[in-house]
Amino acid sequence: MPPIQTIAFDADDTLWVNETIFTQTQEHFTDIIRPYVRAEELGSQLDQTQIRNLSLFGYGIKGFMLSMIETGLELSDYRLPGTHIQQLLELGKEMLQHPVQLLPHVEETIRQLEGEYPLMIITKGDLFDQESKIARSGLADYFSSIEIVSEKNQETYRRLLRKHSLSAEAFLMVGNSLKSDVLPVCQLGGHAVHIPFHTTWVHEQLTPCQLEGYGYQELENMSQLPAYLQQL
Ligand SMILES: [Mg+2]
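Quick summary incoming for the structure in this document.

Cut-off values and rules
Residues numbered from 1 in each chain as written. Predicted model: local features only at pLDDT ≥ 70, side-chain atom pairs only at ≥ 80, totals over all residues. Heavy atoms only, no water. Phe/Tyr/Trp six-rings, centres within 6.5 Å; stacked < 30°, edge-to-face > 60°. Helix = DSSP H or I, 4+ residues; strand = E, 2+ residues; numbered from the N terminus. Buried < 20%, exposed > 50% of the residue type's maximum accessible area, 1.4 Å probe, protein only. Core = buried A, V, L, I, M, F, W, Y, C linked by side-chain atoms within 4.5 Å. Contact = heavy atoms within 4.5 Å. Salt bridge = Lys/Arg side-chain N within 4 Å of Asp/Glu carboxyl O.

### Thoughts on the packing of aromatic side chains
- A complete count under the given rule lists 2 aromatic pairs for this structure.
- Their ring planes at 80 degrees and their centres at 6.1 Å tell us that Phe 9 and Phe 143 sit as a pair that is edge-to-face. Of the two residues, Phe 9 sits in strand S1 (residues 6-9) while Phe 143 sits in the loop between helix H6 (127-137) and strand S3 (145-149), which places them 134 residues apart along the sequence.
- Residue class for Phe 143 comes out buried when judged on its relative accessible area of 8%.
- For the ring pair Phe 22 and Phe 64, a centre distance of 4.9 Å and an interplane angle of 70 degrees mean the geometry is edge-to-face. Of the two residues, Phe 22 sits in helix H1 (residues 19-33) while Phe 64 sits in helix H3 (residues 61-75), which places them 42 residues apart along the sequence.
- By relative accessible area, which is 11% here, Phe 22 ends up buried.
- Residue class for Phe 64 comes out buried when judged on its relative accessible area of 1%.

Laid out in structure tokens, this is it:
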């Protein structure tokens, strides 16, 4: 096998905190709609609405805002007042302006690897929001290319490898999602490193049997990546 020639990183929950912001907002959402909803109906409805709307809105905060409003209206039997809908919009705006919090060891690892490998970011979500986070992260200059895509599946990776004239065998993807960062890359014959984040959105979860037979490396955190690359 040829050595790794390019390393690509997922962004949300790999380079910086993301899911935590969604989880916290979800708690505020529940508090806002609670007076209008029967207790037994307060549950996973927002996740279900979000997943149902993915094919229309794509990933990202703006779609999440619309899904919060839709869920609030449905669960309250359309009694949720306009002032509360405004509060839901404010929650979304706060998410869009949330400070970018880098995960442990990310900055020094990226800085160390940048001289040795071309580095890429491959992330999905709102173009505008992702561009803004990359700019605010202070990491943009370390990456030779940044790809913001609407979905991360085999076809996406195949297209990106072709676009950048890369072979799968010399490509390594690093990310927190087995579904989006690991499995499709392994299926194409590439390398993948999984660095789990402490929470994973239900839509990104896989069952262990879906991963059976695919060789990928699991690391605890980003500081272990250079040593892993050395022994490849
Ligand atoms: Mg991620």
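### Re the nonpolar core
- Ile 7, Phe 9, Leu 15, Phe 143, Val 174 and Leu 225 are the most contacted members of the largest nonpolar core, which has 28 residues in total.
- Elements that contribute at least two residues to this core include exactly S1, helix H5 (106-114), strand S2 (119-124), strand S4 (171-175) and helix H9 (225-230).
- Those residues within four positions of Phe 9 in sequence are excluded, and the remaining contacts are Leu 15, Ile 110, Leu 113, Leu 119, Met 120, Ile 121, Ile 122, Phe 143, Met 173, Val 174, Met 222 and Leu 225.

### Some points on the pattern of salt bridges
- Considering all chains together, one arrives at 12 salt bridges under this definition.
- Ionic pairing is found between Asp 10 and Lys 152, a salt bridge with its closest N-O pair at 2.9 Å. With Asp 10 in the loop between S1 and H1 and Lys 152 in the loop between S3 and helix H7 (154-163), the pair connects residues that are 142 residues apart, well separated along the chain. You'll find Asp 10 and Lys 152 in the same group, each marked buried.
- For Glu 107, the salt bridge is made with Arg 111, and the minimal N-O distance between the two is 3.8 Å.

Note that all results are geometric; they support no functional claim without further evidence.
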